[in-house]
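# Notes for the structure review
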Amino acid sequence: MYDFRIEAADKATLYRDLASALQGLVGGERDGVANMANAAALIWESLPDLNWCGFYRNVGEELVVGPFQGRPACIRIKFGEGVCGAAAATLETQRVEDVHSFDGHIACDAASESEIVVPIVRDGKLLAVLDLDSPKKARFDADDEAGCERLAQILSSAI
Ligand code: SME
């Protein structure tokens, strides 16, 4: 049984503990779907104020939904479309404080108010994006961005 309980006083510690739990969880397994599924569950359990947490995979230069926690989501997203597509097209993290003011935002869940999407890249190639949504405006700050980029780096050799 895995019982990760990550409760830290500050975000830097929270993400450090989360990164080390993720490394432990995916480090010994080479099946990418298994690792994405466990990563989505771990992040969902560890970070407060999320209403969706999971992956869109690069399948032939189109994003296709992968393992996630939350409500059923749109299945396919073209590069350049929405927040996920912007991350895929630029290979840069997209941190959106208010999804309603993001041109082209794709609303999978009407409860979403803010979002962060981090590309997962190996050898310069996009493997997937990690997408976190929150029902709170401006839920994600620069510490979340740094922390999620560290998680994406760990996943880049595990999916
Ligand atoms: N809001 C995303 C779509 C995916 S869902 O949030 C799960 C976007 O605009 O790309």
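Nothing here was measured: the structure is a model prediction, and the numbers come from that model.

Looking only at helices and strands, one finds 4 helices and 6 strands in the protein. Along the protein, helices (α) and strands (β) appear in the sequence α-α-β-β-β-α-β-β-β-α when read from the amino end. Relative to the 2.2 N^0.38 estimate, which gives 15 Å for 159 residues, the radius of gyration of the protein is 14 Å and therefore close to what a compact globule would have. Counting over 159 residues, the protein shows a buried share of 47%. If you take every contact in the protein between residues at least 6 apart in sequence, the share linking residues at least 24 apart comes to 51%. When the accessible surface of the protein is summed, it comes to about 8,000 Å², and 47% of that surface belongs to carbon and sulfur atoms. For the protein, the distance from the average site of its 15 positive side-chain charges to the average site of its 26 negative ones is 4 Å.

What follows covers helix α1 (residues 11–26). Helix length check: α1 (16 residues) gives 22 Å between terminal C-alpha atoms against 22 Å at 1.5 Å per residue, within 8%. By the burial criterion, the buried members of α1 are Leu-14, Tyr-15, Leu-18, Ala-19, Ala-21, Leu-22, Leu-25 and Val-26. The secondary structure elements touched by the buried residues of α1 are α2 (32–46) and α4 (142–155). Residue Asp-10 occupies the N-cap position of α1, its side-chain oxygen lying 3.3 Å from the main-chain nitrogen of Ala-12.

This part is about the nonpolar core. In terms of nonpolar packing, the biggest core is built from 32 residues, with Leu-22, Ile-43, Leu-47, Phe-55, Ile-120, Leu-132 and Leu-155 touching the most fellow members. At the level of secondary structure, the elements contributing two or more residues to this core comprise α1, α2, β1 (52–58), β5 (114–122), β6 (125–134) and α4. Once residues within four sequence positions are removed from consideration, Leu-132 is found in contact with Ile-43, Leu-47, Leu-50, Trp-52, Cys-53, Ser-114, Glu-115, Ile-116, Phe-140 and Cys-148. Counting 15 residues, the second-largest nonpolar core is a separate cluster that includes Ala-87, Val-96, Val-117 and Val-129.

A word on the site of the ligand. The ligand sits among 13 residues. The nearest are Val-83, Cys-84, Ile-106, Glu-115 and Asp-133. In this structure, Val-83 approaches the ligand through a main-chain N or O atom, which is 3.0 Å from an oxygen atom. Contact distances for the ligand include 3.3 Å between a nitrogen atom and a side-chain N or O atom of His-105. If the ligand stood free it would expose 310 Å²; the protein chains cover 99% of that surface. Among the secondary structure elements, those contributing two or more residues to the shell around the ligand are β1, α3 (82–90) and β6.

α4 packs onto α1 with a crossing angle of 10° between their chain directions and a minimal axis gap of 10 Å. The angle between α1 and α4 places the two elements in the roughly parallel class. Note that α1 runs across α4; the crossing there is right-handed. Note on element contacts: α4 touches α1 through Asp-143, Asp-144, Gly-147, Cys-148, Arg-150, Leu-151, Ile-154 and Leu-155, opposite Lys-11, Tyr-15, Leu-18, Ala-19, Leu-22, Gln-23 and Val-26.

One pass over the structure, following the stated rule, counts 2 aromatic pairs. On the basis of an interplanar angle of 25° and a centroid distance of 5.8 Å, the ring pair of Trp-52 and Tyr-56 is categorised as stacked. Trp-52 sits in the buried class, given a relative accessible area of 4%. Here Tyr-56 falls in the buried class, since its relative accessible area comes to 1%. Ring centres of Trp-52 and Phe-68 lie 4.9 Å apart, and the angle between their planes is 20°; this geometry places the pair in the stacked category. Taken together, the residues span a long stretch of sequence, with Trp-52 in strand β1 and Phe-68 in strand β2 (residues 62–70) at a distance of 16 residues. Classification of Phe-68 by relative accessible area gives partly exposed; the value is 28%. Each member of the aromatic cluster is reached from another via a ring pair, and the members are Trp-52, Tyr-56 and Phe-68.

What counts and how
- Residues numbered from 1 in each chain as written.
- Predicted model: local features only at pLDDT ≥ 70, side-chain atom pairs only at ≥ 80, totals over all residues.
- Heavy atoms only, no water.
- Helix = DSSP H or I, 4+ residues; strand = E, 2+ residues; numbered from the N terminus.
- Rg over C-alpha atoms; globule rule 2.2 N^0.38 Å.
- Buried < 20%, exposed > 50% of the residue type's maximum accessible area, 1.4 Å probe, protein only.
- Contact = heavy atoms within 4.5 Å.
- Areas by Shrake-Rupley, 256 points an atom, 1.4 Å probe, with all protein chains shown as cover.
- Lys, Arg positive; Asp, Glu negative; His and termini not counted.
- Charge placed at Lys NZ, Arg CZ, Asp CG, Glu CD.
- Expected span 1.5 Å × (residues − 1).
- Polar contact = N/O pair within 3.5 Å; in protein donor to acceptor, adjacent residues only side chain to side chain.
- Core = buried A, V, L, I, M, F, W, Y, C linked by side-chain atoms within 4.5 Å.
- Near = heavy atom within 4 Å.
- Axes fitted to C-alpha atoms, helices over the stretch in contact; angles between N-to-C directions.
- Parallel < 35°, antiparallel > 145°, perpendicular 65-115°, else oblique.
- Left-handed = near helix turned anticlockwise from the far one by under 90°.
- Phe/Tyr/Trp six-rings, centres within 6.5 Å; stacked < 30°, edge-to-face > 60°.

In short, the description is geometric, and any link to function would need to be established separately.
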